[in-house]
Each structure stands twice: as structure tokens, then as C-alpha cells.
Amino acid sequence: MKYDVVVIGSGPAGSVTARFAAESGSKVLIVERRAEVGVPVLCGEGISQKVDDYDMLEGRRWIANKVEGARIYSPDGTMVKLSAEMAGEETGYVVYRDIFDQELARSAAKAGAEIMMKTEATGLLKENGKITGVKAMQFDEEFDIEADVIVGADGVESKVGQWVGIDTTLKPHDLETCVQYTLTNVECNVKYCDFYLGKEVAPGGYVWVFPKGKDVANVGIGVLGSLSESGMALKLLDKFIAGHPELKKGEPVRLLAGATPVAEPVETVRDNLLLVGDAARHVSPITGGGLTTALEGGKIAGETIGMAVREQKFDRETLSAYEIGWKEAFGKKLRRNYIVKEIMLGFDDKTLNMLADSLKDYKFEEFSTLSLVKALVLKHPTLLMKLRPLVKISEV
Amino acid sequence: MGKPKAKVDEKKCLACGGCIAVCPKDAVSMCGGRAFVIVERCISCAICIRICPVGAISGEV
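Below, the structure is looked at part by part. (Residues numbered from 1 in each chain as written. Chains lettered and ligands numbered in written order. Predicted model: local features only at pLDDT ≥ 70, side-chain atom pairs only at ≥ 80, totals over all residues.)

Regarding its fold elements, chain A presents eleven helices and 18 strands. The globule rule puts the C-alpha radius of gyration for 396 residues at 21 Å, and the 21 Å found for chain A is close to it. Here chain A holds 396 residues, and 50% of them are scored as buried. Sequence separation of 24 or more characterises 71% of the internal contacts of chain A that already satisfy a separation of 6 or more. (Helix = DSSP H or I, 4+ residues; strand = E, 2+ residues; numbered from the N terminus. Rg over C-alpha atoms; globule rule 2.2 N^0.38 Å. Buried ≥ 20, exposed ≤ 12 C-beta atoms within 10 Å, placed from the backbone. Contact = placed C-beta atoms within 7 Å.)

The structure is reproduced here in C-alpha cells:
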């Protein structure tokens, strides 16, 4: 079995990488350990409207609900609203991640990529120290897949990077441990994604309520790994729901757990092997959101691989165009957001209440974490002094 | 008596992969849709026990 590229994992980053590599003329194989693309869902299912700009998803079947903004609640209940005031403008979607992922896999297949289900990559094939493919196992059958380029799109628990000596182990401080119910028959405002902060609510993280429809919502929690104890996330989520009558009256139709990196990105190119998406830690350390960066990074990876295949050059220098590309596209943003995360983790509940109070009537110019950070810097220059140069950098 | 090694309760595990991501010794893998500890590699650091969102990992001597 010989391909130009083998992609390990059929999540958004893997499928988009595969699609753009295939569109550039490469022979691509995606291997997926699970029995269904996108299932089980491991995600809060919120995404910025920026996804429309990428134009990677056909149709609207993957959209559960369009939202107009976000409401952030401080520990004492003070609400800060981020919304695009201009009538009719969308700011984000709550999606069906299984359909979302399957749509992206379908585009990869349409471009010519092959997909193998129930197939786990178990290690690298090497010849004279050079990576020549992966060892794989489908059901009980073991076999070799030769490939010029290997892509690790194997998510938060990535093993592929470790195979070439990239240390992708996350410190507990750099991981949010999450659990989420999809609740039906709840009362929720379909216009807003809600976020609840506070030491008692979600240490080092937040609780989210993302409406999927008028009486259905994803209600989940992320707790920072270093502040977590065994089973804490689920206990705190149950406690939160019990304290909110509008949610308590609902019944769950789904329970899922997840983990998201809130780390600085790692090295993403080693020899002829690339890491994309969560495996590359391409996730905003503030929100834990990684869908848009997975799509953006995957496209850059796929195009880079396409170029390498055309030129038949698979050295690190050629493939480093990917690393240079994503650093230009969103590397600064991830670095800045990591620093913001560190600063925010230092805020006690009193400070969060004070900050929320100062922003409760603020008119945000746009719906983004950057606009929130800018407003905070503007209102509290001394408190957020460390951020001033970074906010300037990000405006360039 | 040795230190307690991590053990995953298969009935509780929801396969989020968090324990795999934080394990400093690469001692946890996904196996059949559930996390699985390779006991020989486990150094009893308990990081995975603490980060499990549903309390599916415990220490076993």
C-alpha cells in the first residue's frame, strides 16, 4: 500500500489537510481509529462565524443554531454582553459536530482522498533512519502503509508527535478537562452562548450553555487540569445545573467528556512528519476553541504537502512552509491568548466581578476574544499592563 | 507494598483522552474505545486520576 500522504485522524484538521493535499494532486489516505467519522462527539460545538469565510463546508446541515452574541457572567452574576449590534449580523454557530466532521471528510473524499475506518496507526515505518510510512491495524489485521508524508491529526491525546520525539505531553496546567450534557426541554435564549466564570463554578475554566435550539442546549464545563480532582468536572456541572431551575427541568439526551489543550503550540514539522489541529495544540488558550484554527492550519498543511509532492521534496525545509504559514496566520494570536490565560488565572472572584462591572455597559465593536481583551486593557491599563504591547502586535 | 498504579474503570470511562494527553510516561493508550494503563510504565504520579472529569481512574496497589 503506497500513498503520497497518510493522515492519521479524520477530525476537522485531518480532513481539511487531506482535502487540500488531494486537490493539489497528491494520493492521500486518511486512517480513522473509530467506526464513524465525528462520533463520539468530543466538543462544546460552538464556532465563530469566521468559519463562513473559509468556505469549506457545503450546505447548512451542520448548523444547529445561529447565535447573535455571547453573555459572560462573573461570579456575582454581573453580565457582560458581546454582540454584533448591527441588525442581522451573525456572530457564531452552535453546530452538530458529527455532521460537521462528516461534511469535511466528504470534501476530502470528493477531492480524491481515501478513508479507512477502524484503522489505527500503531507506529512508524523506518528505513535507514528515514520515515517511510506507518504501521497500521484494521480489526485484527496488521499491515504497512508506505507514504512520503505523515500527518498526525490524532487530537489532544496525540501519539504521533511522540514517535518522532516531539514532546506533546500536556502539563495539567495546560489542559482543560471537560464534561457536557446535551439537555432537552430546557429554557434557554437561542440568541446567546452563555459563559459562567468563578472559582466555585469552574476552577480555571468556565461553564457554558450553548443553545442548539429553542429548548435544547449543550451545557458543559471545563476545569483546569492543575486545579481538578478526580470526578470534579462532572460534580461541579451537576451542581451548576441543580442551581439553575431553567436547566434543571431538562433531561439529558447525551453525556460526553472531552479534553482540550490550552497550551502554547508545539513544533509541528519534524522530517517528513507534520502535526495539525489539537495534536499541534492549535487551540485558543482562553476559550479552548480550536475549530477555526484546525481548518486554517489544515489548509496550510494540505497546500504545503501538495507543493512538496509536486516537487517530490520531503525534507524538513520544504515542509516547514506549513509551520511558517500557521505562525503567520494565527501563531501570534495563540501566543497572546496564552499570556491572557495566565493573567486571567491570577484573577480572584472579586477581581472578575470588578472587571465585569466595569464592562457591563461597554459597547463592543466586534464579537471576539480580542475585542474583550482590548476593552479590558483600555479600562484597566495597570492591571493588564503586560498585555499592552501584545495587543498592539496583534493589530498589525 | 508498592505505590498505587492508575487503573481505569471501563464502565465509567467516556474516552475523552485527557489522561493520555497528560501522562508524563506515555503509559495510557486508547484501547477499544476506552483508556487503558500500561501498568509497567505507570509511575504512580496520579495526574491522570486528578484530571479525569468523571472519576473513572483510581489508584490500585
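Let's pick the thread back up.
As a further point, take the sheet that holds strand 3 (residues 46-48) of chain A. All names here are of chain A. Sheet architecture is open: three strands sit in the order 3-7-4, paired in antiparallel fashion. Looking at the sheet topology across the chains shown, the edges are occupied by strand 3 and strand 4 (63-67). Averaged over all pairs of adjacent strands, the angle between strand axes in this sheet comes to 30 degrees, irrespective of strand direction. Judged from the three bridges that link them, strand 3 and strand 7 (residues 92-95) form a sheet pairing that is antiparallel. Bridge pairing in strand 7 places I47 opposite Y93. (Pairing = 2+ DSSP bridges. Axes fitted to C-alpha atoms, helices over the stretch in contact; angles between N-to-C directions.)

This part covers the nonpolar core. Counting 140 residues, the largest nonpolar core has V6, V151, I221 and L274 of chain A together with C19 and C48 of chain B as the members making the most contacts within it. The leading source of residues in this core is helix 7 (residues 291-311) of chain A, at eight residues. Not counting chain neighbours up to four residues away, the residues in contact with C48 of chain B comprise A6, C19, V22, C23, V28 and I57 of chain B. (Core = buried A, V, L, I, M, F, W, Y, C linked by C-beta atoms within 7 Å.)

Across the contact, 23 residues belong to chain A and 20 residues belong to chain B. Those elements that provide at least two residues to the side of chain A that touches chain B are strand 12 (175-184), helix 5 (232-242) and strand 16 (251-261) of chain A. For the side of chain A that touches chain B, a count of residues per class yields twelve nonpolar, nine polar and two charged. (Nonpolar A, V, L, I, M, F, W, Y, C, P; charged D, E, K, R; others polar.)

Once that is clear, we can look at the sheet that holds strand 15 (residues 216-224) of chain A. All names here are of chain A. Across the sheet, which stays open at both edges, the seven strands sit in the order 6-5-13-14-15-12-16 with mixed pairing between neighbours. Sheet topology places strand 6 (79-83) and strand 16 at the edges, where each strand pairs with a single neighbour. Neighbouring strand axes in the sheet, compared pairwise and without regard to direction, differ in orientation by 20 degrees on average. Both strand 5 (residues 69-73) and strand 6 contribute to a ladder of five bridges, which runs antiparallel. Considered in strand 6, the bridge of I72 is made with V80.

Turning to unusual backbone geometry, a few remarks are in order. Residues and elements named next belong to chain A. Residue P40 is bonded to the preceding V39 through a cis peptide linkage, with omega at -5 degrees. Position of P40 relative to the elements: it lies in the loop between strand 2 (28-31) and strand 3. The backbone phi angle of D55 is positive, close to 55 degrees, even though this residue is not glycine. Within the fold, D55 resides in the loop between helix 2 (51-54) and strand 4. A count of 7 C-beta atoms within 10 Å places D55 in the exposed class. For N185, which is not glycine, the phi torsion reads 60 degrees and is therefore positive. As for its position among the elements, N185 is in the loop between strand 12 and strand 13 (192-196).

The next subject is the pairing of strand 5 of chain A. Note on strand geometry: in a regular strand, side chains alternate between the two faces of the sheet. Residues and elements named next belong to chain A. Joining the antiparallel neighbours strand 5 and strand 6 is a turn of five residues, in which G77 adopts a positive phi near 95 degrees. Alignment of strand 5 against strand 13, held across five bridges, turns out to be parallel. Each bridged residue has a counterpart across the sheet, and for I72 the counterpart in strand 13 is F195.

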